[in-house]
Every structure is written in C-alpha cells, then in structure tokens.
Amino acid sequence: MKKASSKFNKLLNAIFAVLLAALGFSCSDEDDPKNIPCMYGTPHGDFEVKGTVADENGNPVPNAKIALREGLKINGEIVWHDAEWYCNTNTDNTGTYSIKSSGMIDEVRIVCTPPDGSLEADSTETKLNFNDDGRDDPWYFGSATVEQNFKLKAKKD
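Before going into details, it helps to say that this report is about the structure given with it. (Residues numbered from 1 in each chain as written. Predicted model: local features only at pLDDT ≥ 70, side-chain atom pairs only at ≥ 80, totals over all residues. Heavy atoms only, no water.)

### Re the overall build of the chain
Moving on, step 1. Looking only at helices and strands, the chain features 1 helix and 9 strands.
Moving on, step 2. For the chain, the succession of helices and strands along the chain, N to C, is α-β-β-β-β-β-β-β-β-β.
Moving on, step 3. The 157 residues of the chain split such that 27% are buried.
Moving on, step 4. Put simply, the chain shows about 11,000 Å² of open surface, and 52% of that area lies on carbon and sulfur atoms. (Helix = DSSP H or I, 4+ residues; strand = E, 2+ residues; numbered from the N terminus. Buried < 20%, exposed > 50% of the residue type's maximum accessible area, 1.4 Å probe, protein only. Areas by Shrake-Rupley, 256 points an atom, 1.4 Å probe, with all protein chains shown as cover.)

### Considerations on the side chain of Glu 107
Moving on, step 1. Here Glu 107 shows up in strand β6 (residues 107–113).
Moving on, step 2. Using a relative accessible area of 18% as the deciding quantity, one classes Glu 107 as buried.
Moving on, step 3. Sequence-distant contacts of Glu 107, defined by excluding residues within four places in its chain, comprise Arg 69, Glu 70, Gly 71, Lys 73, Ile 78, Trp 80, Thr 126 and Lys 127. (Contact = heavy atoms within 4.5 Å.)

### Describing the packing of aromatic side chains
Moving on, step 1. Counting across every chain of the model gives 1 aromatic pair.
Moving on, step 2. Both rings, one in Phe 130 and one in Phe 141, keep their centres 4.8 Å apart while their planes meet at 85 degrees; by these two values the pair is edge-to-face. With Phe 130 in the loop between β7 (122–127) and β8 (140–147) and Phe 141 in strand β8, this pair connects stretches of sequence that are 11 residues apart. (Phe/Tyr/Trp six-rings, centres within 6.5 Å; stacked < 30°, edge-to-face > 60°.)

### Focus on the pairing of strand β5 (residues 96–103)
Moving on, step 1. Side chains Tyr 97, Ile 99, Ser 101 and Gly 103 project from β5 onto a buried face, and the interleaved Thr 96, Ser 98, Lys 100 and Ser 102 project onto a face without burial.
Moving on, step 2. Across 8 bridges, the pairing between strand β1 (residues 44–55) and β5 is antiparallel. Bridge pairing in β5 links Phe 47 to Ser 101. (Pairing = 2+ DSSP bridges.)

### Some points on the nonpolar core
Considering soluble globular proteins, one finds that nonpolar side chains tend to be buried as a cluster.
Moving on, step 1. One finds Phe 47, Val 53, Ile 110 and Leu 128 to be the most contacted residues of the largest nonpolar core, which totals 21 residues.
Moving on, step 2. Discounting chain neighbours no more than four positions away, the residues touching Leu 128 are Phe 47, Ile 105, Asp 106, Val 108, Ala 144 and Val 146. (Core = buried A, V, L, I, M, F, W, Y, C linked by side-chain atoms within 4.5 Å.)

### A short note on the pattern of salt bridges
Should the charged atoms of two oppositely charged side chains come close, the side chains can pair.
Moving on, step 1. If you walk through the whole model with that rule in mind, you get 2 salt bridges.
Moving on, step 2. For Asp 106, the salt bridge is made with Lys 127, and the minimal N-O distance between the two is 2.9 Å. You can see Asp 106 sitting in the loop between β5 and β6 and its partner Lys 127 sitting in strand β7, a full 21 residues away along the chain.
Moving on, step 3. Here Lys 127 falls in the partly exposed class, since its relative accessible area comes to 39%.
Moving on, step 4. Among the ionic pairs, Arg 109 bridges to Glu 125, the shortest N-O distance being 2.5 Å. Of this pair, Arg 109 sits in strand β6 while Glu 125 is found in strand β7, placing the two residues 16 residues apart along the sequence.
Moving on, step 5. By relative accessible area, which is 24% here, Arg 109 ends up partly exposed. (Salt bridge = Lys/Arg side-chain N within 4 Å of Asp/Glu carboxyl O.)

### A word on unusual backbone geometry
Moving on, step 1. If you check the backbone angles, Asn 63 has positive phi at about 65 degrees while not being a glycine.
Moving on, step 2. With respect to the helices and strands, Asn 63 occurs in the loop between β1 and β2 (65–74).
Moving on, step 3. Phi angles above zero are rare outside glycine, and Asn 75 is one such case at about 55 degrees.
Moving on, step 4. Among the structural elements, Asn 75 can be located in the loop between β2 and β3 (77–82).

Okay, structure coming up:
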C-alpha cells in the first residue's frame, strides 16, 4: 500500500510541476489594447545631468569633481545614497561637465567639489522629470535632462 501511495504522490508532483511551469511561461493579456506581453524587467530611464562650474568672478573651474547621490525614499524621508560608482565626472578646461546614465533614479543631489582648497564645495538637490519618448517598452519611463551651473565661493580663512 505504501508503495502505491508513493508512486501516486510522485506522479501527482510531476503533473503539478509541469502545470506550474506551463502557467509561469504563458503570461500575456489579450485584452490589453497595446497587446504588450507580460514580462519580467526593471523600470528604468535615461538621464543627463550637465552644466558648468565657475568661481565668483565667472572664471571656469577645471577639474572640479561632480558626483551624483541617489535619493531613496525610506519611511517618507529621502536618504541620499552614494551613486558615485557610476555617476561621477570632472569638469573640463572650460568648467563644463556632463553625466549620462540610466537607472531607477528619481531624485538626485549634485555635489560639486573643487580641485583644491581655495573654493568651497557646493551641492543642490533636484528631481528628474522624465519625458515619455514613445518607446513601446512598459519598463522604460523616458528620458530626463537637468542643467545645473555652480558658482563656487572663495573659502574664508
């Protein structure tokens, strides 16, 4: 009796495994007007943060470090996460910078650090406003561009 029960359980488990596998791979909604199949993915968008860095006299500040911090909402408050591993650059000889990337970033803190100790660092926070660019991808929420110029003050002794 135990042998028959064991064989029946194995057969039942095999049938359920095949059914679950078949249901897991057949995921589409025929009532969807765009007829977009259900799929696995991560929401993302493309963004660019650009601008210039100058001193109080309007002179460009070359080689200033520009870094982005990602804003994550935790319990209703924004916590700034270090996103430097993919979102940093230095200004060129004209004080111009540009960071292009993609991800799930919604709010950013742009941090500008001068190359030496004669100027004070500065930062600002901004929201990335993504524009839908018509892609037929349910996970892509568009592109955003932010222009942020910095005018760094001389450090007081």
